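The chain contents come next:
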Amino acid sequence: MNKHYAEHHTFVLERHYSALPTDVFAAWADPVAKSHWFPKADKFEFRVGGHELHHGGSLGGPIYTFDARYEEIVHDHRIVYSYIMDMEKPTVAVGKKRISASLCTIEFKAEGTGTHLVYTEQAVFLDGHDTPELRKQGTQAFLDKLGVHLKSG
C-alpha cells in the first residue's frame, strides 16, 4: 500500500455578519483584532507578499504550524492567501510533516447593513495526516468565533 498520496478538496463557507464590510475586513487585517478569534500570530505582515505564521497545539499533543503568504488584498473586498500546514509530534523524532497546502479566498460583500462573507478553500491533504472534514470543521469554528468577536466589538 502506498502511504504517500494526495487528496484534493474544495469547500465554501458563507456567513452573514451584522457588521459592515470595513469592520469585518479589519477583523482579518489587524493582528490584535484577529487574535480575538484566531490564534495569536508569531508573525503578522498583512500586505501582498507578507507572511502570517502560527505555531500551536494542545499540551503533549502535536504542534501545528500555519504558514501563510498573502497573494492579493483588495481593501474591504477580498483577501487571497496561500498556506501550508505542518505537524510535528513531540514524542516522534521524525520531525515536521507537511499535512496540507491550500489557497483561500475571503470575499466581503455588503448586504443590507451587514456583510455576506464567502470563504473558499482549495486544498490538497497529504498522506492522510489531515482530512477535508476536519479542516472544514475547524474553519467553521473560527468563522463562528469571528461572529462572536464582531458582536462584542
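Residues numbered from 1 in each chain as written. Predicted model: local features only at pLDDT ≥ 70, side-chain atom pairs only at ≥ 80, totals over all residues. Heavy atoms only, no water.

Draft legend 1. Summary view of the environment of Gln140. Looking at where Gln140 falls in the secondary structure, it is placed in helix α3 (residues 132-152). Given the relative accessible area of 27%, Gln140 is considered partly exposed. Along the chain, Gln140 and Arg15 lie 125 residues apart, while their C-alpha atoms are 9.4 Å from each other. Those residues in contact with Gln140 that lie beyond four places of it in its chain are Leu13 and Arg15. (Helix = DSSP H or I, 4+ residues; strand = E, 2+ residues; numbered from the N terminus. Buried < 20%, exposed > 50% of the residue type's maximum accessible area, 1.4 Å probe, protein only. Contact = heavy atoms within 4.5 Å.)

Draft legend 2. Quick peek at the pattern of salt bridges. Under the definition given, this model contains nine salt bridges. When the shortest N-O distance is used, the salt bridge between Arg69 and Glu71 registers 2.5 Å. On the basis of relative accessibility, which here comes to 35%, the residue Arg69 falls in the partly exposed class. A relative accessible area of 33% places Glu71 in the partly exposed class. One salt bridge in this structure joins Asp130 and Arg135, with 2.6 Å as the shortest N-O distance. With respect to burial, Asp130 and Arg135 carry one shared label: buried. Members of the salt-bridge network, linked through shared partners, are Lys43, Glu45 and Arg47. (Salt bridge = Lys/Arg side-chain N within 4 Å of Asp/Glu carboxyl O.)

Draft legend 3. Main features of unusual backbone geometry. For Asp76, which is not glycine, the phi torsion reads 70° and is therefore positive. If you trace the backbone, Asp76 turns up in the loop between β4 (63-74) and β5 (78-88). In this model, Asp127 sits at a positive phi of 60°, which is unusual for a non-glycine residue. Structurally, Asp127 can be placed in the loop between β7 (114-126) and α3.

Draft legend 4. Geometry of the sheet that holds strand β6 (residues 97-111). Spatial strand order, β1-β7-β6-β5-β4-β3-β2: seven strands in an open sheet with antiparallel pairing. Edge strands, defined here as strands with exactly one partner in the open sheet, are β1 (6-17) and β2 (43-44). Pairing geometry for β2 and strand β3 (residues 51-56), over two bridges, is antiparallel. When the bridges of β3 are listed, Lys43 appears paired with Leu53. Relative to the sheet, helix α1 (residues 21-29) contacts β1, β2, β4, β5, β6 and β7, its axis offset from that of β6 by approximately 160°. (Pairing = 2+ DSSP bridges. Axes fitted to C-alpha atoms, helices over the stretch in contact; angles between N-to-C directions.)

Draft legend 5. Region of interest: α3. With 21 residues, α3 should cover 30 Å at 1.5 Å per step; its first-to-last C-alpha distance of 30 Å lies within 8% of that length. Listed in full, the buried residues belonging to α3 are Pro132, Arg135, Thr139, Leu143, Leu146, Gly147, His149 and Leu150. Mapping the buried residues of α3 onto a view down its axis gives an arc of 165°, with all of them on the same face. Exposed side chains of α3 directed beyond 90 degrees from the buried face belong to Glu133, Leu134, Val148, Lys151 and Ser152. Those residues of α3 hidden inside the fold are in contact with β1, α1, α2 (31-34), β5, β6 and β7. (Expected span 1.5 Å × (residues − 1). Arc of directions from axis to C-beta.)

Draft legend 6. Fine view of the packing of aromatic side chains. Scanning the model with the defined rule gives 13 aromatic pairs in all. Relative to Tyr70, the ring of Phe46 lies with its centre 4.9 Å away and its plane at 70°, an arrangement referred to as edge-to-face. Of this pair, Phe46 sits in the loop between β2 and β3 while Tyr70 is found in strand β4, placing the two residues 24 residues apart along the sequence. Through successive ring pairs, a cluster of aromatic residues spans Phe25, Trp28, Trp37, Phe38, Phe44, Phe46, Phe66, Tyr70, Tyr81, Tyr83, Phe108 and Phe142. Looking at Lys34, its charged tip hangs above the ring of Phe38, at a distance of 5.0 Å from the centre. (Phe/Tyr/Trp six-rings, centres within 6.5 Å; stacked < 30°, edge-to-face > 60°. Lys NZ or Arg CZ within 6 Å of the ring centre and 35° of its normal.)

Functional significance is not addressed by these values, which are geometric in nature.
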